[in-house]
Structure formats: structure tokens, C-alpha cells
Amino acid sequence: MDLQLQDKIVLVTGGAKGIGEAIVRAFAEEGATPVILGRNPEEAQGLIGALGRGHSFHAELTDVGQIESAVAAVRDEVGPVDVLVNNAGVNDGVAIGATAAEFVASLERNLVHPFVLAGLLLDDLKAARGSIVNIGPKVAETGQGGTSGYAAAKGAMNALTREWAIDLAAHGVRVNCVAPAEVMTPLYENWLAKRPDPAAARAEIESTIPLGGRFTEAAEIADLVVFLASGRSGHTTGQIMYPDGGYTHLDRAYAHDP
Ligand SMILES: NC(=O)c1ccc[n+]([C@@H]2O[C@H](COP(=O)([O-])OP(=O)(O)OC[C@H]3O[C@@H](n4cnc5c(N)ncnc54)[C@H](O)[C@@H]3O)[C@@H](O)[C@H]2O)c1
């Protein structure tokens, strides 16, 4: 299947590690030009070097000034952006009872930069009749406990997916969201390492994943992101998709009943 992504410029936030890295790899395999925006400049440069295509720009995404400078540099040095993937975020455990400042800081880590980037890239996306793919989590649907800021931010990402899909439909720009549940990444490993017994915690989580009793591979998230960004999903917009082995929506008791 030709995904029609050859030489498309795809900006991926947090593309140096984890799910973002898998997304960058998958776009590069399709002949697109991935542009990593985020921290970890050494890892990002290493990845781009290994792939033999793409670019990396450094920005702390909680700093709007750094985002603005980086976007200007991307336009100057690479060109107008066809696809925006809002991937960077962190489950930072800002719980009910935290201060207003801590809550706002969590929104800055998870929600404000996707909004800022979509605005800065609006003209490019319209001109390209391009697309946006947001990365949400199942937490926006299920709750998790102890992470109000992240849940609120990601719930808002789901809402913005539909809001922007309407805003941009007249311009041929599609907006969709991919919501992972359990994917082993550096972020997830850090979280798991803080459990009293990480191996037991992992096994317990895996036992609740209906399809295969396993974590989702980052590449399986990336494949869906690439498809949604491609011209081959040309009439799909405003959708939130869950490549999670049925974790979020299936009845787990039934899934394990032979
Ligand atoms: N791993 C999972 O199981 C899982 C589940 C649900 C949702 N998600 C979502 O997937 C996305 C990626 O998660 P991951 O597990 O790959 O995370 P990760 O921490 O492994 O990688 C995220 C990358 O983004 C960068 N980044 C994050 N915040 C940044 C900021 N403010 N400025 C600059 N760079 C920043 C990090 O430095 C890192 O390179 C996140 O939005 C996360 O909420 C992950």
C-alpha cells in the first residue's frame, strides 16, 4: 500500500524516545522526513543519523518561546510542515489536593504545547491539506487515580481532536487521536520501577490485557499513527483510536474465559 508519505515533513514532539521514537522510525520507513522536536538532543541526533533521514530540533516544550523559535527554525531549515504528531507528555502524578500552580504546570507539560504547536503550524497544515495526530492515553477514558493533571490534559486532547477536526475540515486537514494503554517505554519503565515489586506489577497488568496478555509494542502504536497521517485514511477525522489489545474497552473477564 502506498501511504503517499514520501518526502512529507512530519514534526513529532518527543520523538527521541519511546513511542515518539517508534513513530519517527515508522515515518522514515515510509520515505517521509521526520523532524524531532523536544529534549534529548543527543538521542535525537543519534536516531536521525541511524535512519539516514530527518532532522532534530531542541526545545523544552513547556517554554512557549522555545517552541516558537524551534518552529521558525524548522520552517527555515527544513520547510513547511505537512503532519504534526503531538506525542510528548508525561504522567506526572499531580493528584487531587495539589496546588493550583502544580496543576497548571501539569497542563503545561501535557496540553499547552500541542495547542501552541497546532496554532503555529496552522498555515502550513492548511496549505498542505495535512493532518494532526494527537497521542492520548486510556487514562482520559478510564481514570487512573493520583494523576488529575495528566487525566485532565489528555481528556482535553480528546476534546481538541474533535474540536480541531471541525475547525479544519473545510481546509482538508484531518485530526485524529491515538490512545495507547500499556506500552513499555522509558516513561513506563520509570513508573514501574517505583512499584514495590516491578516484575509482579508488570505480570498483573499484562494479565488484564485481553489480546495476547501482553503490552502493546511502540511500533504497533506508530503504525496506526502513520496510517492516520497518510492519504490512505483520507476520510477519517475526529476519531480517537485505541491500539491496546482491548485493554480499555473489552470486558476483561470475558476475554480470559476460554
Ligand atoms: N507508555 C505508555 O504506556 C503510554 C500510555 C498512554 C499514553 N502514553 C503517551 O504517549 C506519549 C509518549 O509516551 P512515552 O511513554 O513514549 O514517553 P517517554 O518519556 O518514554 O518519551 C517521551 C519523550 O518526550 C520528551 N518530552 C516529554 N515532555 C517534554 C517536554 N516538556 N519538552 C521536551 N521534550 C519532552 C521526553 O524527553 C522523551 O524524549 C505521551 O504523551 C504519553 O502520555 C504512553
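Structural data are supplied above this passage.
About the criteria used
Residues numbered from 1 in each chain as written. Predicted model: local features only at pLDDT ≥ 70, side-chain atom pairs only at ≥ 80, totals over all residues. Helix = DSSP H or I, 4+ residues; strand = E, 2+ residues; numbered from the N terminus. Rg over C-alpha atoms; globule rule 2.2 N^0.38 Å. Buried ≥ 20, exposed ≤ 12 C-beta atoms within 10 Å, placed from the backbone. Contact = placed C-beta atoms within 7 Å. Near = placed C-beta within 6 Å. Nonpolar A, V, L, I, M, F, W, Y, C, P; charged D, E, K, R; others polar. Pairing = 2+ DSSP bridges. Axes fitted to C-alpha atoms, helices over the stretch in contact; angles between N-to-C directions. Core = buried A, V, L, I, M, F, W, Y, C linked by C-beta atoms within 7 Å.

Enquirer: Quick one: what's the story with the overall build of the chain, residue by residue and with numbers?
Expert: Of the regular secondary structure elements, the chain holds eleven helices and seven strands. Whereas a compact globule of 258 residues would reach a radius of gyration of roughly 18 Å, the chain reaches 18 Å, a difference of no more than 12%. Based on the C-alpha atoms only, the size of the chain along its principal axes is roughly 50 × 45 × 40 Å. When burial is assessed residue by residue, the chain has 43% of its 258 residues classed as buried. In the chain, the share of contacts with a sequence separation of at least 24, taken over all contacts with a separation of at least 6, comes to 71%.

Enquirer: Would you mind going over the site of the ligand in detail, with residue names and values included?
Expert: Lining the immediate environment of the ligand, one finds 28 residues, of which Gly-14, Gly-18, Gly-89, Pro-137 and Leu-187 sit closest. Those elements that provide at least two residues to the shell around the ligand are helix H1 (18–29) and helix H8 (186–193). In terms of residue class, the shell around the ligand is built from 13 nonpolar, ten polar and five charged.

Enquirer: Could you give an account of the sheet that holds strand S3 (residues 55–58), with specific residues and numbers?
Expert: Ordered by their spatial adjacency, seven strands build an open sheet running S3-S2-S1-S4-S5-S6-S7, and the pairing between neighbours is parallel. Unpaired on one side and paired on the other, S3 and strand S7 (240–241) mark the two borders of the sheet. On top of the sheet, H1 reaches strand S1 (9–13), strand S2 (33–38), strand S4 (83–86) and strand S5 (131–135); it is set at about 170° to S1, its chief contact. Across the face of the sheet, helix H2 (residues 41–51) comes into contact with S2 and S3 while running at roughly 170° to S3.

Enquirer: Describe the nonpolar core, and please don't skip the residues or the numbers.
Expert: Counting residues in hydrophobic clusters, the biggest one holds 66 residues, and the most contacted among them are Val-10, Ile-23, Leu-84 and Val-225. Among residues more than four places away in sequence, those in contact with Val-10 are Phe-27, Ala-32, Thr-33, Pro-34, Val-35, Asp-82, Val-83, Val-85 and Ala-229.

Take it as geometry only, folks, not as evidence of what the structure does.
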